[in-house]
Amino acid sequence: MYKTCTSVECTTADTGLGFVTDWTNSQSSATSTEFTIFVVLKTFQESLDANPMGLLNVGDQQNQNGLGLYKTEFKCLPEFRGKIVNGLSLSNNIVSLLAAYSPSPEIGKYNGRRLLVYDVQTQDSIPMKKVILNCKISNYRISGSLQSSISGTVSQLVLSGGNGAIPGIPQSLTIYASIIMSNGTAANFIVNGIVADNGDTALNVDSVTLITGVSAAAGSTVYIGVSPGEFYTATLEDCIGTTTTTGVNNPIFLSSTPYEVEIVRTWNKNCPQGKYEQFSTISAYYGNSADDQGDNGCFSECSRFGCDARFSYFGTLSWDLQSGINSSETILNIQSHTYDLLTISLQDQISVDDYLQIEQEIVQVTAVSTSSVTVVRGQLQTSASAHATNVVLLPVSKPNTCVKNWGSQRVLQDPDRSWRIVTIRVQGSLANVYIDGLHDGCSNADGCSLQPPVSIQNTPSALSTLRLGTIGINSADGIIKSSFANVDIAEILIYDKALTAQEMDRVGYYLSVKFGLNSFRVNRFIRSPTRTGAVLFEHGEECDQVLYKGHSSQFCEGFTDANGLYVSTNCILDGDYLTLSRYKADADTDNYYVGMRVVITAGNSNLDGTIQSAVGESCIITGYDAKLRKAACDLTDSGHSGYLLWGGAEFPCVNSGPHPTLGGQCASSSVQTDAIAASDTLITVTWAPKQFESPIYATLGDSQNLEVILINSVSVSDISYRLSVNRGMGPTSSQTFSWAILKEMQPASRLIYGRSFLVRNVSTGSTMIYVATIMDKCPDRIPDPLCPLANDRIAYLSTKLTNLFVRLSHSTSNSSFSVGSIRFATWSLLQTVDSTSTEFKIDMAQQDEILVNDYFQVDGEYVQVVAVSWSSQETNLTVVRSQLGSTATAHQTSSTLTLVLVDKRPVLVLSSTNSATSDLDASSGYLVDFAWIPQSSFVANDQYVQSVGKSEYSIEICDKFNAPFSQDAPFQVLQGENFHKKYVGIGGLDATEGFLSLGSVSKAGVVQKQNYLSIISGTANSSHFEIRGWYLMPSDLDITASYPNSFINGPKTERNSNYLHVSLASHGSDEVSLDCHVVSVPDGFCAKDYSIPCSCAMSVNCSSECSTGDCMSGPSSGLDHSWYALKKPSILCDLTEDAMSHQSLNIYWHGVKTSLTNWYRAPTPIVTSLSPSMAPYYGGISITIRGMFFGGAAIWRGRAKAKSPSVLIIGKSMIGKCDNVEYISSSQLICTLPGLALSKQMYDTTTRTIVVNVIVDTGEKRSHQDQHTKLIYTSIPAFFSCDNLMIAQNDCYDCCRNSCFGDARLQTIASTDINAVCTSNCTVYCHM
């Protein structure tokens, strides 16, 4: 702590050890004030605690405009929010709730509840709302029962019982009575006296209110009120706070002000569970401003409907119409119908273009003043009508931003419920407060700042005095008089600078670990420029599941209701826009869902097949209108693009000097001008749309030099994509692409993907669209012309295309249309032709439908058109026969000619339901994409298959098909010689001998979560491995390095290595530290030449590495897919202990940990040789076992918490273990061989040998048996042929001795020892 005080007045600074007198950087200028404070705290709200709770104040003794941190009072979700008639009745412990706020009509409904009365009072020059009175309701809705029926003119009402008294109502108080008559109307009376009437209670009616024609039956309820026309009356007891005695000390109770009140179920430390959930928040003031827009802990947004922290429900603003309006008035005089902690102006609540609901009418705001709004009437398909005074206005879509802005994790973080880590950051005029971390978070790569729970921009002041446990001073004399806190503070850290987002994350993380607060969250979102730690895809950390929320629902859900507020015309479902759920989609933040993918998950075709199911389709949201819940989303998913990199199997030599992917040098004589030749059918690009099934098409180049290609397959290698293609499709020819164009990623190097392309020009007014087919194989059972067009989106239909949507697009424009029918582009021969004729006459009515060089298929033969002539309704074709590998045959009249592409794919004709409004030039590269339009619930769903046609959707926060989520696995863990190589371009990180990749991009474009390392080997202290990944390092590491030196040096790298720690950890055991250092930086590419790597910051001039231009140094999150990876960040580690599969690999940056699980799996040991490979049957000799993957020293020497390893001797009749195993290295073991097992053995009686296998068991894996594991036991005695298990011991002994004496005759045993030896051996062998 930098400064504290000797007393609460802070007139004297504490000069004790550890404190300094100034903690604002010694700056006298207010604009230079900056600091960061961390507070670990938990509050304890009690009934008598003053509100708000002051937690911390930073000021300058007499300065009342410093900074104050406080906790709002805790709230229970109320049963009623409204106002009382005035404060006068409180002096009698009676309260009258205003009927306009709809209190419960049920008698006794609120009995036993607590009534909270609020007032706005000034605190430190800041108006703050406080509970001034807290009372128990003893009797709600005071009433009685009519003793007998009444009719005519009534001068007295007799209530049953009471003997002349109404409980809680003083005799001297003027009261009012109301009775609901037989006709349902109310009769209201002034009571001018209460008297006893034979044990009952008689109310004398004032003559002023004598009513004729009154009629009510005996037993009817008579309601008692203390204000004219207000009969929701309650008596109070057990009041806490300001006393209810009238007098000068309590002017509030002499006021006619209609104070704001709440009725809650209870008032104690913890609200009941369930609906009445407790919540409170932390807020702040800075200068003379409190909180951001005064929402002060969601108070204003919870005002009418309440908040439930468990479900992140935070209410909605509302307003009262102060004067009635007719159907044409456009100025509405309104007043906030909310009970704000601060008085908030209408301009802060309502914005121009907002929509408001008045009963069944919707109006749109065009202007806002301090007390009124100017509107356009009858909007969103509603009609203007008259409205009375006090009608409530609700927002159709008003920012309910508290749920997003208050908690740093967009959830309510109540300090009464749990310990919280609060961060206060002040820099000049800006004060931000964060709770439980996530100090910055972004949704796009260009950078953004998460709105903190509290963000106040104000005139700065020089601050030097720190007070704890109070909100600050509240009078000019500087004496603290109120707003003390009931709080525990575990730790405070103060920094004399405004820390960065990453620095705040790290300090907060340290505190969270220290105190075990798991609710704290650091920023790991990979699209954020303020990311703090390494990212693991396996934990979902790459997706912003906190800042942004996806959801699942039905399209257009909630856009109709019983009152006709919304109608089907507000539901937009077409190829361009999708209306999301009114209830579940975000209602206040435009563009909230941009970059997310909508996937259609349910919805059926209709019964007659005219409407097809859209299930499985998806699109990326590119815009979002929160008011209308309308997402801009191209369901055809068209327009995706990437950039050409090079052609051929390997990167060509395009610059002299080091080859960027293959190593070695490119001599000047081998440098090529062109990066892609016209003949290249393998093309490497920056990105390809893996959400599409192959084959697909693409256009290359610019409009003056355009080519259409067919992509047969896509393979992924690291971040590059390799396409296998057919070149020069349709009206285009194969092009050559120079290195000068490709290296700078100029527009001409862009390729745009599509499912088909336009084969023929479209003239204005035409309805016929000629397009290429997609698939050349279709089920025989479906002989339908749409089948060749089918892929992941189009069904096998040629008719019934009501909801088929087609988009034609190229680089600068697009158009769309619906389809009436689809057919093959076919014509009929008008005469028979033999196998040699080159003249074909066909029934073509349009002269320009066939072009020179077109191909036709007729009866299995392909012909090419070389000339076309036309007359009347006929077309004469001059053709070349036997093309595309076919054989010429005769063709009969009426034979069908089908227009095909050069790869034999037939051409389809789409009949548009709308005529073209302009000419479309096919040579300009129009691509064609398709989608089925999803269905809403506005059509009767019993017309659909399974009686359900309405489409359901899910919003995926991270689009796995697009960068950065599709671009790379987060980590590769490498080991062996290969980690020294530079993995660049198409070579990638392939799984070769010696290492595997951890995480890779699959053919589906989705990151595979877990491969594993299984090759760590070598002696202790010498086994290295490397960790690589684009998101391995936090975003603020300051590293510079020069390529191609992988092992970089220099002060910046060394400094960052100081903050790096890597360890191995097992559950329940201490971590084992590894010796690691940074060896590779996140190299990007030079903007003017992508083959030249650079390591400067993104889009920063990098003249030291790029001769000209900026360095593109990070994966792009845009949709242009221009990122091309050259070298990943990497860390080299020395494995000082053995790795085991149950351990996690922990990577710490500045203490922030990322744990990689399942990163290592023990390899299967391999035995390559035994020395010696033969041994006498009795064993006892040492053998040396060589091979690999035997594990590390810790395993064999008992230091690892794992299953004990061993060397096994396994034969047909034995399983034994080597003794005295000595670990030399992971490739060599020495042990003492056991003797042959004392049991019957199937040995070779001629050679007296038997073969066994030596198996290495590391505790996790065993080596396999092969020719290298064979060991031969020799000199086996004959008694090993005797059975010592299944026969009697004496029989075994006799067999053994006979065999033993037989061996003596063969001179394998010395004759002088035969008896003793045989007796000894057989006694042991037969278990005697």
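If you're wondering where the values come from, they're calculated on a predicted model, not measured in any experiment. (Residues numbered from 1 in each chain as written. Predicted model: local features only at pLDDT ≥ 70, side-chain atom pairs only at ≥ 80, totals over all residues. Heavy atoms only, no water.)

A separate point is the overall build of the protein chain. Assigned secondary structure in the protein chain consists of eight helices and 82 strands. The contacts in the protein chain between residues at least 6 apart in sequence include a share of 70% that link residues at least 24 apart. (Helix = DSSP H or I, 4+ residues; strand = E, 2+ residues; numbered from the N terminus. Contact = heavy atoms within 4.5 Å.)

Let us now look at unusual backbone geometry. Apart from glycine, the bulk of residues carry a negative phi angle, and the bulk of peptide bonds sit in the trans form. The residue after S1171, namely P1172, is reached through a cis peptide bond having omega -5 degrees. In this fold, P1172 is placed in the loop between β74 (1166-1171) and β75 (1174-1176). For S894, which is not a glycine, the phi torsion comes out positive at approximately 75 degrees. For S894, the location among the structural elements is in the loop between β56 (874-883) and β57 (896-900). Residue Q946 is not a glycine yet carries a positive backbone phi of 60 degrees.

Okay, the packing of aromatic side chains next. Given two aromatic rings, their pairing is described by the distance between the two centres and the angle made by the two planes. Under the criterion given, the structure shown has 14 aromatic pairs. Each ring, one from Y593 and one from Y624, has its centre 4.9 Å from the other, and the planes form 80 degrees; the classification is edge-to-face. With a gap of 31 residues between them, Y593 in the loop between β34 (577-579) and β35 (597-602) and Y624 in strand β36 (residues 618-625) connect regions that are remote in the sequence. Residue class for Y593 comes out buried when judged on its relative accessible area of 2%. Where Y1177 meets F1280, the ring centres are 5.7 Å apart and the plane angle is 75 degrees; that geometry is what we call edge-to-face. Remark: F1280 occurs in the loop between β82 (1270-1274) and α7 (1289-1305) and Y1177 occurs in the loop between β75 and β76 (1182-1188); sequence separation between them is 103 residues. We note that Y1177, like F1280, is buried. These aromatic residues form a ring-pair network of at least three members: Y1177, Y1178, F1279, F1280 and Y1325. It is R141 that lies over the ring of Y223; its NZ or CZ is 3.9 Å from the centre. Stacked on the ring of Y577, the Lys or Arg K630 has its end atom at 4.7 Å from the ring centre. (Phe/Tyr/Trp six-rings, centres within 6.5 Å; stacked < 30°, edge-to-face > 60°. Buried < 20%, exposed > 50% of the residue type's maximum accessible area, 1.4 Å probe, protein only. Lys NZ or Arg CZ within 6 Å of the ring centre and 35° of its normal.)

This part covers the state of the cysteines. When the sulfur atoms of two cysteines share a covalent bond, that bond is a disulfide. As enumerated under the stated definition, the model contains eight disulfides in all. The side chain of C1300 participates in a disulfide bridge whose partner is C1318; the two sulfur atoms lie 1.7 Å from each other. Across the S-S bond of C1300 and C1318 the torsion is about -85 degrees, and the bridge reads as left-handed. Highlighted residues: C1300 in helix α7 and C1318 in helix α8 (residues 1314-1325), separated in sequence by 18 residues. Like C1318, C1300 is buried. (Disulfide = S-S within 2.5 Å.)

Core analysis: the largest hydrophobic core is formed by 48 residues, its most contacted members being F555, L580, Y593, V598 and L910. Residues contacting V598, with those up to four places away along its chain left out, are F555, L578, E617, S618, C619, I621, C633, Y953, S954 and I955. Among the nonpolar cores identified, the runner-up in size contains 38 residues, and I1195, V1256, Y1273 and I1276 belong to it. (Core = buried A, V, L, I, M, F, W, Y, C linked by side-chain atoms within 4.5 Å.)

Judged by pairing direction, the sheet is mixed, and its five strands sit side by side in the order β75-β82-β81-β77-β78 without closing on themselves. Edge positions in the sheet fall to β75 and β78 (1214-1217), since each has one partner strand and no second. Strand-to-strand twist in this sheet, taken as the mean axis angle between neighbours without regard to direction, amounts to 30 degrees. (Pairing = 2+ DSSP bridges. Axes fitted to C-alpha atoms, helices over the stretch in contact; angles between N-to-C directions.)

The next point concerns the side chain of S756. Assignment of secondary structure puts S756 in strand β48 (residues 756-757). Classification of S756 by relative accessible area gives buried; the value is 0%. A distance of 2.4 Å separates a polar side-chain atom of S756 from the backbone oxygen of A772. (Polar contact = N/O pair within 3.5 Å; in protein donor to acceptor, adjacent residues only side chain to side chain.)

This part covers the pairing of strand β59 (residues 927-932). Buried residues dominate β59, accounting for six of its six residues. The two faces of β59 match: L927, D929 and A931 on one face and V928, F930 and W932 on the other face are all buried. Bridge analysis of β48 against β59 gives two bridges, and the strand direction is antiparallel. In the sheet register, S756 faces β59, and the bridge partner there is V928. In this sheet, β59 lies alongside strand β50 (residues 804-809) in antiparallel orientation, the contact comprising six bridges. By the bridge assignment for β59, S809 is matched with L927.

Applying the stated criterion across every chain, the model contains 16 salt bridges. We note a salt bridge from R114 to D238, for which the minimum N-O separation is 3.0 Å. You can see R114 sitting in strand β7 (residues 114-123) and its partner D238 sitting in strand β17 (residues 232-241), a full 124 residues away along the chain. Looking at R114, the relative accessible area reads 9%, which means it is buried. R760 is the partner of D854 in a salt bridge, and the nearest nitrogen-oxygen pair spans 2.0 Å. Placement of D854 in the loop between β53 (839-842) and β54 (855-858) and of R760 in the loop between β48 and β49 (768-772) is noted, with a sequence separation of 94 residues between them. Assigned by exposure class, D854 and R760 land together as buried. (Salt bridge = Lys/Arg side-chain N within 4 Å of Asp/Glu carboxyl O.)

A word on the sheet that holds β76. Judged by pairing direction, the sheet is antiparallel, and its four strands sit side by side in the order β74-β76-β80-β79 without closing on themselves. Of all strands in the sheet, those bounded by a partner on one side alone are β74 and β79 (1219-1225). Taking each pair of neighbouring strands and ignoring which way they run, the sheet shows an average axis angle of 25 degrees. Here β74 pairs with β76 via five bridges, running antiparallel. Bridge pairing in β76 links L1170 to I1185.

Helix length check: helix α3 (residues 501-515), at 15 residues, gives a terminal C-alpha distance of 21 Å against a target of 21 Å (1.5 Å per residue), a fit within 8%. Those residues of α3 not exposed but buried are A501, Q502, M504, D505, R506, V507, G508, Y509, L511 and S512. Those residues of α3 hidden inside the fold are in contact with β1 (34-43), β28 (420-427), β29 (430-435), β32 (487-495), β72 (1144-1149) and β73 (1152-1156). Directly after α3, the chain includes G516, whose backbone phi takes a positive value near 65 degrees. (Expected span 1.5 Å × (residues − 1).)

Here we take up a nonpolar patch on the surface. Together, L1285, M1286 and I1287 line one region of the surface with nonpolar side chains, adding up to about 360 Å² of accessible area. Positionally, M1286 belongs in the loop between β82 and α7. (Patch = residues over 30% accessible without salt bridge, like charges linked within 9 Å, V, L, I, M, F, W, Y side chains within 5 Å. Areas by Shrake-Rupley, 256 points an atom, 1.4 Å probe, with all protein chains shown as cover.)

This part is about the side chain of S749. Secondary-structure assignment places S749 in the loop between α4 (739-742) and β47 (750-754). By relative accessible area, S749 is classed as buried at 0%.

Moving on to α8. Helix length check: α8, at twelve residues, gives a terminal C-alpha distance of 16 Å against a target of 16 Å (1.5 Å per residue), a fit within 8%. Among the residues making up α8, those that are buried are I1314, C1318, C1322 and Y1325. Relative to the axis of α8, the buried residues are bounded by an arc of 60 degrees and lie together on one face. Considering only its buried residues, α8 is in contact with α7. H1327 lies just past α8 and shows a positive phi near 55 degrees. (Arc of directions from axis to C-beta.)

So, on to the pairing of β50. Extensive coverage of β50 is indicated by the burial of six of its six residues. Burial along β50 is two-sided: the residues L804, V806 and L808 and F805, R807 and S809 are all buried. In terms of strand pairing, β50 meets strand β51 (residues 814-824) through five bridges, oriented antiparallel. Note that in β51 the partner of R807 across the bridge is S816. Hairpin connection, β50 to β51: the antiparallel pair is bridged by four residues.

The subject of this paragraph is the confidence of the model for the protein chain. Of the residues in the protein chain, 71% have a pLDDT of 70 or more, and the chain-wide mean is 75. Here residues 292-297 scores under 50 on pLDDT; set against residues more than four positions off or in separate chains, the count is 23 contacts. Ignoring residues within four places in sequence, the model shows residues 337-344, a span with pLDDT below 50, making 43 contacts including any to other chains. (pLDDT = per-residue confidence, 0-100.)

Angle between the axes and distance between the axes are the two parameters that describe a pair of packed helices. At their nearest, the axes of α7 and α8 sit 9 Å apart, and the two run at 145 degrees to each other. For the pair α7 and α8, the sense of crossing is right-handed. Contacts between α7 and α8 involve C1292, Y1293, C1296, R1297, C1300, F1301 and A1304 from the former and I1314, N1315, C1318, T1319, C1322, T1323 and Y1325 from the latter. (Left-handed = near helix turned anticlockwise from the far one by under 90°.)

With that settled, consider the environment of S638. Assignment of secondary structure puts S638 in the loop between β37 (630-633) and β38 (641-647). Overall, S638 belongs to the buried group, its relative accessible area being 16%. It is 8.6 Å that separates the C-alpha atoms of S638 and F930, two residues lying 292 residues apart in sequence. Contacts of S638, omitting those with residues within four sequence positions, involve R807, S809 and D929.

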